[in-house]
Amino acid sequence: MSSKSNKNPYNKLRYRAFIIPRARALQKRRNAEVREAGRAAVAEIVSSLSMWRLERVFRIMESIPERFDPAVVLIPFASYSPEEQQKDMAKAREYFAGTGMKVLEADSFKDFDPDIVFYPQFYRRPYAKGLNPADNENRLLCYSPYGIMLIDEPWQYNHRLHNVAWKLYLQSGYYKGVAQKLSFNKGANAVIVGEADYDEFAGKSSKDVWKPQETPKKRVIWAPHHSFGEANRLGRDSFLWTAEEMKRIAAEYSDRVQFAFKPHPRLFSELCKREDWGVKRAKAFYDFWAESPNTQYDNEWFVDLFKGSDAMIHDCNSFIAEYMYTAKPVLFLTRNIGKVRSGLNAIGNKALDASFIGDSPESVREFLDSLLCGAMDTKKELREGFRKEFLSPANAEGFAGGVVEDIRRSLWD
């Protein structure tokens, strides 16, 4: 929903007089049915592993079979290229194959007939017909942002799903306050449960997802965004002026640094649309990172990758805060820091304060040289302070425990 739509008085009236009341009536009916049945079928939609945050929610529900029947449902984003959809689904199937979790394909969604559905994105129609949030408002819809929100704008709080969802699970009182200001429903469905990734970063166990090397090297993540050009409201376009140079840097530092290329899941599709890139060039670029001895391509969940890293280079909004879980050095790339800061909320700007800023490929080399020689880390205290102030849990149960307890209490207490 655009900011223009948000200010349209007719649109606000339409939501408050018709759309929201209708959704609440449908939820009340479904709620009563589930309460009487005593058990809820729960669908966690997975479209990209890098956006999925609900495994612990699944595991807790799985441990309460008398109340919950959880299933992962694999549904590709309709806006992604066919090749990217196939890659994402193949990767997801590979991941879930050894987990013992109930996994369903998109065509099984209707037969499973879930009572509760967790969607990974708030957009109205990210999927094929019949699978979108707007097609399933007779179910108890839940949404939790897959990243830490660093922008306070209507499009992040006032799409249809934000307003009609049964539960909107947010990280803190700060975000609930923004929802109360920007959503047509005034944040009435917002529940504070903390940040989903805290549970994972706080856990002691993790697996090493980095490519084995003959000799130990510094591990650096490169995570470019997909929003190109001045017309784009985010304008995170560092990829365009670092892409080829990053390949050269990977070769230059091959004896000292290994790189994990972790692009935004949408980057490949966006490159395929560009005249100066296209499918062939984009595929060759991704293959370089997947196949070079000291590089790898990562499109999975980022927690293990982050834990095993030594530093990050990126221009992604959500990672500005999320990498702070590690308290490790991070370089944010931009040639317009004023525009970046003007678009961030107070939390985002504090996270940016704790990051090093670069505006050229040479900045990347300087950052790597500093990391390799062990130069004084002038941002370390700021990163550790940010982690303590903004990334602490909202409750003793953690994110997953808080979500499941809220659902259980809402349905059966």
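On a predicted model such as this, the values are computed, not experimentally measured, just so you know. (Residues numbered from 1 in each chain as written. Predicted model: local features only at pLDDT ≥ 70, side-chain atom pairs only at ≥ 80, totals over all residues. Heavy atoms only, no water.)

Student: Looking at this structure, I do not really get the environment of Ile249. What am I missing?
Tutor: Take Ile249: it is sitting in helix α9 (residues 238–252). Sequence separation of Ile249 and Tyr169 is 80 residues, and the distance between their C-alpha atoms is 41 Å. Discounting residues that sit within four places of it in the chain, Ile249 has contacts with Phe259, Pro361, Val364, Arg365 and Leu368. (Helix = DSSP H or I, 4+ residues; strand = E, 2+ residues; numbered from the N terminus. Contact = heavy atoms within 4.5 Å.)

Student: Hey, could you run me through the layout of surface pockets in this one?
Tutor: Taking a probe equal in size to a water molecule and rolling it over the atoms shows the remaining empty space. Of the voids in this model, the largest pocket is the one considered here, and its volume is about 880 Å³. Along the walls of the largest pocket sit 37 residues, with Gln121, Tyr123, Tyr146, His225 and His264 positioned nearest its centre. For the lining of the largest pocket, the leading source of residues is helix α13 (residues 317–322), giving four residues. In the lining of the largest pocket, the residues fall into 20 nonpolar, 12 polar and five charged. The space that makes up the second largest pocket amounts to roughly 500 Å³. In this structure, the second largest pocket is lined by 23 residues; those nearest its centre are Tyr95, Lys207, Trp301, Val303 and Asp304. Broken down by element, the residue count for the lining of the second largest pocket peaks at four residues, all from helix α12 (residues 303–307). (1 Å grid on protein atoms, 1.4 Å probe; cavity = no way out; pocket = protein on both sides within 12 Å on 5 of 7 lines; lining within 4 Å. Points joined across faces, edges and corners; volume = space filled by probe spheres on them. Nonpolar A, V, L, I, M, F, W, Y, C, P; charged D, E, K, R; others polar.)

Student: I tried to follow the side chain of Asn163 on my own but got confused; where do I start?
Tutor: Positionally, Asn163 belongs in helix α6 (residues 160–164). There is a polar contact of 3.1 Å between the side chain of Asn163 and the backbone oxygen of His159. At 2.9 Å, the side chain of Asn163 and the backbone nitrogen of Asn185 are in polar contact. Beyond its immediate stretch of four places on either side in the chain, Asn163 contacts Tyr15, Ile20, Arg24, Asn158, Ser183, Phe184, Asn185 and Asn189. (Polar contact = N/O pair within 3.5 Å; in protein donor to acceptor, adjacent residues only side chain to side chain.)

Student: Looking at this structure, how should I read empty space enclosed by the protein?
Tutor: According to the stated counting rule, one finds two cavities of 30 Å³ or more in the structure shown. Of the volumes computed, that of the largest cavity is approximately 110 Å³. For the largest cavity, the lining is made up of 13 residues, of which Met51, Leu54, Tyr119, Pro120 and Ser144 are closest to its centre. When contributions to the lining of the largest cavity are tallied by element, the ones reaching two or more residues are β4 (116–119) and β5 (140–143). Taken together, the residues of the lining of the largest cavity sort by class into 11 nonpolar, one polar and one charged. Considered as a void within the structure, the second largest cavity measures approximately 50 Å³ in volume. Around the second largest cavity, the lining residues are Ser48, Ser50, Glu84, Asp88, Pro263, His264, Pro265, Tyr297 and Asn299. Partitioned by chemical class, the residues of the lining of the second largest cavity number three nonpolar, four polar and two charged.

Worth remembering: the numbers are spatial, not functional.
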